[in-house]
Amino acid sequence: MKKIYKYIISPTCILTSLFAVLAQITFAQTVTIPVETANNALVLQVDKGKDVNTVYFGTKLANAAEYDQVTGVYKQFCVCNGTGDYTGLLSSAYTPSGSRNLAEPAITVTHADGNNSLDLKYVSHNVTKISDDVSLLSIVLKDPVYDFEVTLYYKSYFKNDVIEQWSVIKHHEKGNVTLNKFASANLYLKAKSFWLRQYHGDWGKEMQPEETRITHGIKTIDTKLGARANLFEPSVFMVSFDKPATEDEGNVLYGAMEWSGNFRVDLELDPLDNLKIIAGINNFASAYTLKPGEDFTTPAFLYTFSDKGKGDASRKLQSWARNYKLMDGKGSRLTLLNNWESTFFDFNESRLSGLLQDTKKLGVDLFLLDDGWFANKYPRNDDHAGLGDWQENRKKLPNGIASLVKEAQNDGVKFGIWIEPEMVNPKSRLYETHPDWVIKQPKRDEYYYRNQLVLDLSNPQVQDFVFSIVDSLFIKSPGLAYIKWDCNAVIYNAYSAHLQNQSHLYIEYVRGLYKVLERVRAKYPAVPMMLCSGGGGRVDYAALQYFTEFWPSDNTEPMERIFIQWEYSYFYPALISANHVTDWGKQPIKFRTDVAMMGRLGFDIPVSKLSGNDLQFCQEAVKTYNTVKQIIFQGEQYRLSDPREQSVASVMYVDSVKTSGVIFNYLVNNRFDEGSKLPIRLKGLDPVKKYTIKEINLYPGIVSPIDSAKSYSGDFLMRIGFNPEVNAGRTSVVLQINESR
Ligand code: DGJ
């Protein structure tokens, strides 16, 4: 009190008080714009200077009128001068640069006259109700000096607490404007501390998590790879508020860029200890020349928030994805036999006929023919040649794909095919005929990733070519039932023979890809397609609008897969996780199959070499899977026991009415006597319902110790738990839980 009194009589203080009064007088002129979802609120406010600021982000308040009071209770400034934000822009909803700003901007431009300054003032806002669940807020901002405007869009999905945010930039200046940075979104968060869970990886090592406290300055997650862009860093991340969130506790935001090329996410802990997140296309080598009257629409940045921990946040995101984003998100998926690891490039018609028989024998829906079926002048017999020449190899397949598709149909199975249409081997007719279609520097040595180069999808002729690869496959074989779309190289020596402006290449590449995918989907709306990038090097929610599943990793060693699938599951539903049983690793076939069942099940093993029991197990497993797959695809997922913390990993899927579920349990620590010593607490059940639990997917001849006649209340199973009896002799245990009647 004394301190305040002393302060009040100082001249600075008189000024400060005056300012406070003034602020109160003008308070009535502020406009508060809340974006509310079922549980959360992002609250924006237009201040007296017409700057749009973020005043709140988090769990929504019971009384919306109180958002106006939020900023008043934060005293994150120096009492000596009553401020700390020397710019008045730190909490900007879209931070401009070149005027007052001193922090990381959302947008930087060079105007037609060469001036680099930008300020963005509120003009208007509008809310459109798209459906009962979905609303779209737009806020128009304009520079008072230049005829330059940005419209911010916030698409909110009420039930799932998800927001997609993007911006549209345009101008009417007397010449072109250069956009040097052009973010999709700019968030501003307050908490005692922030914890970032980010991911890194490489081929076979996707989704390796790292969790650290965010310190002052800027942390950037980005990629500059152009294609296969997420190879080293995917664009998904989590930020926990106050302390690292656990599965069931804590405040946590999940963020993801919906962009299949270079992205950039800046996380800046500012001088006031608040966190600014600026996410968008990576502006690296990508200054964009915008003509007068032209719109530049950024891709969306997607986020959700939960105050109930990581599990709740991921269930919201998974549900949103199935409801709104994924191609066929509410549908089912095909089981399959892939030939990649059993044959690699070495096959012919008679070998494939055998595999079609194996597909039938196994009981899966589809046979997927992988790499190696095409090219004649430079046959695709290994990964050095042929990519780009999409004609059937006459030696391997004298009767073409169409006859194989028919043969499959006669065998009662479907037929799918692998393509990698964006790429070219220098040893190919395509490269010889159209060297100008290839991304490469005209005067420099070529540099290869997996002996191949990337086609220039900014060029409409190349787009036509890529579309025609898919189209002609379907024209020749209308019965074709599935496409695996691969993408194994990054962009080196970024240069387009087509583009005038080279700094547009990374952006136009992705736009070109989406144009092709739009055409594919317009003509073939229902065909299932796998998004593959030598593993998960490309998965993101923009691409997933066109694909029905993705390939998480070439690493199918099941122990590794438990960890990889676990991390992906925070952001993507099991429905789209393509998991194959292969011969990677030393785990028994049951362990491998159980792990692959936690998503879309497939096999990539030489079926003919399976022992009698292994084959019988696989056949039974496919049948069992067919009875529970809808729960895995469409149910709620609960991560029960974390392989990074416990000796047993456990993941559960429960249907929406809480009557049935499946629980997968694995021993992930093979030290002496490790196992499920404690019961594992189940989640997502109805406490008053009674349940029975039985072990499924048993290997032939194995008798389960689990007593399936016993009944437990949901309350018991969620408070005390259930012991799957995982130990060195039972390393993988799948349980089915059903309401007992
Ligand atoms: C990389 C994929 O991840 C594999 O599954 C396989 O399709 C190969 N490409 C084929 O070249």
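Throughout, a residue's number is its position along its own chain's written sequence, starting from 1. Totals for whole chains, interfaces and linings use all residues, but because this is a predicted model, local features are given only for residues with pLDDT of at least 70 and pairs of side-chain atoms are given and counted only at 80 or more. No hydrogens and no water enter the side-chain calculation; it runs on all heavy atoms of the structure.

Quick notes on the sheet that holds strand β26 (residues 529-531)
The cut-off we apply is this: Only strands joined by at least two bridges in the DSSP assignment are considered to pair. Per the convention used, a helix needs a DSSP run of H or I reaching at least four residues, while a strand needs a run of E reaching at least two, with both numbered from the N terminus. What makes two residues a contact is simply this: any of their non-hydrogen atoms within 4.5 Å. Angles shown run from 0 to 180 degrees and are taken between the N-to-C directions of axes, each axis being a line fitted to C-alpha atoms and, for helices, limited to the stretch in contact.
Within the open sheet, the 8 strands sit side by side as β27-β26-β25-β22-β21-β20-β29-β28. Their pairing is parallel. The open sheet has two edge strands with one neighbour each: β27 (549-550) and β28 (578-581). Its contacts with the sheet put helix α6 (residues 400-411) on β21 (366-369) and β22 (414-419), and the angle it makes with β22 is roughly 145°. Packed on one face of the sheet, helix α11 (residues 589-596) meets β28 and β29 (600-603) and runs near 170° to β28.

A few points about the environment of T659
Along the polypeptide, T659 turns up in the loop between β31 (648-654) and β32 (660-667). Considering only alpha carbons, one finds T659 and V73, 586 residues apart in sequence, at a separation of 46 Å. Residues within four places of T659 in sequence aside, it is in contact with K689, Y691, I737, N738, E739 and R741.

Overview of unusual backbone geometry
Negative phi is the rule for most residues except glycine; trans is the rule for most peptide bonds. As a reminder, the rule being used: Accessibility here uses a 1.4 Å probe with only protein chains present; expressed as a share of the type maximum, an area under 20% marks a residue as buried, one over 50% as exposed, and anything in between as partly exposed.
For A375, which is not glycine, the phi dihedral falls at a positive 80°. Topologically, A375 is positioned in the loop between β21 and α6. For A375, a relative accessible area of 0% corresponds to the buried category. A positive phi angle, near 45°, is found at N493, a position not held by glycine. The residue N493 is located in the loop between β25 (482-485) and α9 (505-523) in this model. Given the relative accessible area of 24%, N493 is considered partly exposed.

Thoughts on the sheet that holds strand β3 (residues 52-59)
Here 3 strands make up an open sheet; going across it, the order is β1-β2-β3 and the pairing antiparallel. Both outer strands of the open sheet, β1 (31-36) and β3, are each paired with one neighbouring strand and no more. Between one strand axis and the next, the sheet turns through 20° on average, direction left out of account. Here strand β2 (residues 40-46) runs beside β3; their pairing, made up of 7 bridges, is antiparallel. Residue pairing in the sheet places Q45 in a bridge with N53 of β3.

A look at the packing of aromatic side chains
Selection rule: Stacked, tilted and edge-to-face pairs are distinguished by plane angle, under 30 degrees for stacked and over 60 for edge-to-face with tilted covering the rest, among Phe, Tyr and Trp rings (Trp via its six-membered ring) whose centres lie within 6.5 Å. To sit over a ring, a charge needs its Lys NZ or Arg CZ within 6 Å of the ring centre and within 35 degrees of the ring normal.
Enumeration over the complete set of coordinates arrives at 41 aromatic pairs. A ring pair is formed by F617 and Y699, whose centres lie 5.8 Å apart and whose planes are at 35°; its orientation type is tilted. Placement of F617 in helix α12 (residues 612-634) and of Y699 in the loop between β33 (690-696) and β34 (711-713) is noted, with a sequence separation of 82 residues between them. Accessibility expressed as a relative area gives 1% for F617, which makes it buried. Owing to a relative accessible area of 22%, Y699 belongs among the partly exposed residues under this scheme. Cluster of aromatic residues (ring-pair linked, three or more members): F57, F194, F237, F241, F301, Y303 and F305. The cationic tip of K224 hangs over the ring face of F284; the distance from NZ or CZ to the ring centre is 5.7 Å. One residue, K396, lies across the ring of F347, its end atom 5.0 Å from the ring centre.

Description of the nonpolar core
Where a protein is soluble and globular, its nonpolar side chains tend to be buried together. We apply this condition: Buried Ala, Val, Leu, Ile, Met, Phe, Trp, Tyr and Cys residues form a nonpolar core when they are joined through side-chain atoms within 4.5 Å.
Counting 193 residues, the largest nonpolar core has F148, L369, W373 and W485 as the members making the most contacts within it. Listed in part, the 20 residues of the second largest apolar core include Y638, M652, I663 and F722.

Focus: the site of the ligand
Going by this rule: To be near a molecule or strand, a residue needs just one of its heavy atoms within 4 Å of it. Two N or O atoms count as a polar contact when they lie within 3.5 Å, although within protein this holds only if one can serve as hydrogen donor and the other as acceptor, and sequence-adjacent residues are included solely when both atoms are side-chain atoms. Methods summary: accessible areas were calculated by the Shrake-Rupley approach with a probe of 1.4 Å, and residue burial reflects only the protein chains presented. Nonpolar residues are Ala, Val, Leu, Ile, Met, Phe, Trp, Tyr, Cys and Pro. Charged residues are Asp, Glu, Lys and Arg, and all others, Gly as well, are polar.
The environment of the ligand is made up of 13 residues, and the closest members are D370, D371, K484, D486 and D554. One of the side-chain N or O atoms of D371 is found 2.6 Å from an oxygen atom in the ligand. In the environment of the ligand, an oxygen atom lies 3.1 Å from a nitrogen or oxygen atom belonging to the side chain of W418. Its free accessible area being 290 Å², the ligand has 97% of it covered by the protein chains. Looking at the shell around the ligand, its residues break down into 4 nonpolar, 3 polar and 6 charged.

Some words on the packing of helix α10 (residues 558-569) against α11
Quick reminder of the rule: Angular relationships are summarised with four words: roughly parallel below 35 degrees, roughly antiparallel beyond 145, roughly perpendicular across 65 to 115, and oblique for the angles in between. Here a crossing is called left-handed whenever its near helix is offset anticlockwise from the far helix by less than a right angle, and right-handed whenever the offset is clockwise.
Across the interface, α10 lies against α11 with an axial gap of 9 Å and an inter-helix angle of 15°. The pairing of α10 with α11 is recorded here as roughly parallel in orientation. Considering how the two elements wind past one another, α10 and α11 form a crossing that is left-handed. Of α11, the residues touching α10 (which contributes P558, M559, R561, I562 and Q565) are F591, R592 and V595. Of the residues in the contact of α10 with α11, the class split is 5 nonpolar, 1 polar and 2 charged.

A closer look at the environment of V162
With respect to the helices, strands and loops of the structure, V162 is situated in strand β8 (residues 162-171). Accessibility expressed as a relative area gives 0% for V162, which makes it buried. Each C-alpha atom, one on V162 and one on Q409, is 42 Å from the other, the two residues being 247 residues apart in sequence.

Overview of α12
As a reminder, the rule being used: Between the first and last residue of a helix there are one fewer steps than residues, each counted as 1.5 Å, and that sum is the expected span. The quantity called bend is, for any residue, the angle between two axes fitted respectively to the seven residues ending at it and the seven beginning at it.
For α12, with 23 residues, the first-to-last C-alpha span of 33 Å sits near the 33 Å given by 1.5 Å per residue. Where α12 bends most, the angle comes to about 55°, and this point is V628.

A look at the confidence of the model for the protein chain
The criterion, for reference: Per-residue confidence from the predictor is reported as pLDDT, which spans 0 to 100.
Confidence along the protein chain averages 95 in pLDDT terms, with 96% of residues attaining 70 or more. Long-range and interchain partners of residues 1-28, a stretch whose pLDDT sits below 50, account for 11 contacts in this model, where long-range means more than four residues apart.

Description of α10
With 12 residues, α10 extends 16 Å between its outermost C-alpha atoms, agreeing within 8% with the 16 Å of an ideal straight helix rising 1.5 Å per residue. Within α10, 10 of the 12 residues are buried, leaving the element largely enclosed by the surrounding structure.

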